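# Report on the structure
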Amino acid sequence: MGGFQLEGLVGALLYVLPAYVANGAPVVLVRAVPRPRPLDMGRTFPDGRRILGDGKTFEGLAGGLLSGTLIGALLSLLSPGLFRSPLEPLALSCGAMLGDVLGSFAKRRLGISQGGPLPVIDQVGFLAVALLLSWSLYGPKEWSDASTLALLFLVTAALHLGTNAGAYLLGLKSRWY
Ligand code: CTP
Ligand code: MG
């Protein structure tokens, strides 16, 4: 076998933490906003459905970008060299939010209403776009072999389902997935 090393996975998880935080923060932060404004301004696509839907807001986007970048700055202090540039956590956060928005766009085009499930895309779409964006700017990281990447996506899917179920139990989300 070869390939898999625990330190590789730990390094990978630390590296993608800004993307996780950017993806998760809006669920909590947007609750503090009285009337969050949808990114699509309520507009519909030519297919008659919302472009993105009410689940993607300006406040959530700003909160996600800010939270992910802040966590990245903190991580950079604790682990110098984790990020190749101080802007890399911002790239990871932007990629995460872009992946999330693209996922909602695809879901609406498929006729899945806001909050409805699109397995795989819902859990790991944000990570795929975050890694694509940060690696196209700064190059791949040393742990980026196929087995570590596969494991990272599996762990991310499990964590996403786990934290979502936790948010549901806390009353933060109306659906368990
Ligand atoms: N959220 C937000 N703005 C964003 C991303 C998320 O306000 N850019 C908030 C919304 O309150 C959203 C919640 O975080 O309902 C959970 O996000 P997500 O699961 O991505 O959205 P869904 O409501 O499931 O909508 P969709 O079906 O479009 O994914
Ligand atoms: Mg959802």
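Presented here is a report on the structure given in the accompanying data block. (Residues numbered from 1 in each chain as written. Chains lettered and ligands numbered in written order. Predicted model: local features only at pLDDT ≥ 70, side-chain atom pairs only at ≥ 80, totals over all residues. Heavy atoms only, no water.)

Around ligand 1, the surrounding shell holds 16 residues, and the nearest of these are Lys-56, Thr-57, Ser-104, Arg-108 and Gly-115. Between ligand 1 and Asp-100, the relevant distance is 3.3 Å, taken from an oxygen atom to a side-chain nitrogen or oxygen of the residue. A distance of 2.9 Å is found between an oxygen atom of ligand 1 and a side-chain nitrogen or oxygen belonging to Gln-114. For ligand 1, whose unbound accessible area comes to 570 Å², protein coverage reaches 84%. (Near = heavy atom within 4 Å. Polar contact = N/O pair within 3.5 Å; in protein donor to acceptor, adjacent residues only side chain to side chain. Areas by Shrake-Rupley, 256 points an atom, 1.4 Å probe, with all protein chains shown as cover.)

Here we come to the nonpolar core. In this structure, Tyr-15, Val-16, Leu-131, Trp-143 and Leu-152 are the most contacted members of the largest nonpolar core, which totals 19 residues. Beyond its immediate stretch of four places on either side in the chain, Leu-152 contacts Leu-9, Ala-12, Leu-13, Val-16, Tyr-20, Leu-127, Leu-131 and Trp-143. (Core = buried A, V, L, I, M, F, W, Y, C linked by side-chain atoms within 4.5 Å. Buried < 20%, exposed > 50% of the residue type's maximum accessible area, 1.4 Å probe, protein only. Contact = heavy atoms within 4.5 Å.)

Let us now look at the pattern of salt bridges. Scanning the entire structure with this criterion turns up nine salt bridges. The salt bridge partner of Arg-50 is Asp-40, with a shortest N-O separation of 2.8 Å. Placement of the pair is Arg-50 in the loop between helix 1 (6–29) and helix 2 (58–78) and Asp-40 in the loop between helix 1 and helix 2, with a sequence separation of ten residues. Through salt bridges with shared partners, a single network forms among Asp-40, Arg-50 and Asp-54. (Salt bridge = Lys/Arg side-chain N within 4 Å of Asp/Glu carboxyl O. Helix = DSSP H or I, 4+ residues; strand = E, 2+ residues; numbered from the N terminus.)

The residue Gly-55 is located in the loop between helix 1 and helix 2 in this model. Separated by 18 residues in sequence, Gly-55 and Arg-37 have C-alpha atoms that sit 9.7 Å apart.

Another aspect to go through is the packing of helix 2 against helix 3 (residues 88–109). The angle between the axes and the distance between the axes are what describe a pair of packed helices. The geometry of helix 2 relative to helix 3 is characterised by a closest axis approach of 8 Å and an angle of 150° between their N-to-C directions. With respect to the hand of their crossing, helix 2 and helix 3 are arranged in right-handed fashion. Where helix 2 abuts helix 3, its residues Gly-60, Leu-61, Gly-64, Leu-65, Gly-68, Thr-69 and Gly-72 lie against Pro-89, Leu-90, Ser-93, Cys-94 and Met-97. (Axes fitted to C-alpha atoms, helices over the stretch in contact; angles between N-to-C directions. Left-handed = near helix turned anticlockwise from the far one by under 90°.)

This part covers the packing of aromatic side chains. Summed over the entire model, instances satisfying the criterion amount to six aromatic pairs. Between Phe-45 and Phe-105, the ring centres sit 5.2 Å apart and the planes meet at 90°, which makes this aromatic pair edge-to-face. Within this pair, whereas Phe-45 is found in the loop between helix 1 and helix 2, its partner Phe-105 is found in helix 3, the two being separated by 60 residues in sequence. Centroid distance Trp-176 to Tyr-177: 5.5 Å. Interplanar angle 85°. Geometry classified as edge-to-face. A relative accessible area of 24% places Tyr-177 in the partly exposed class. Taken together, the aromatic side chains of Tyr-15, Phe-83, Trp-135 and Trp-143 make up a single cluster linked through ring pairs. (Phe/Tyr/Trp six-rings, centres within 6.5 Å; stacked < 30°, edge-to-face > 60°.)

Geometric descriptors of this kind do not, in isolation, establish any biological role.
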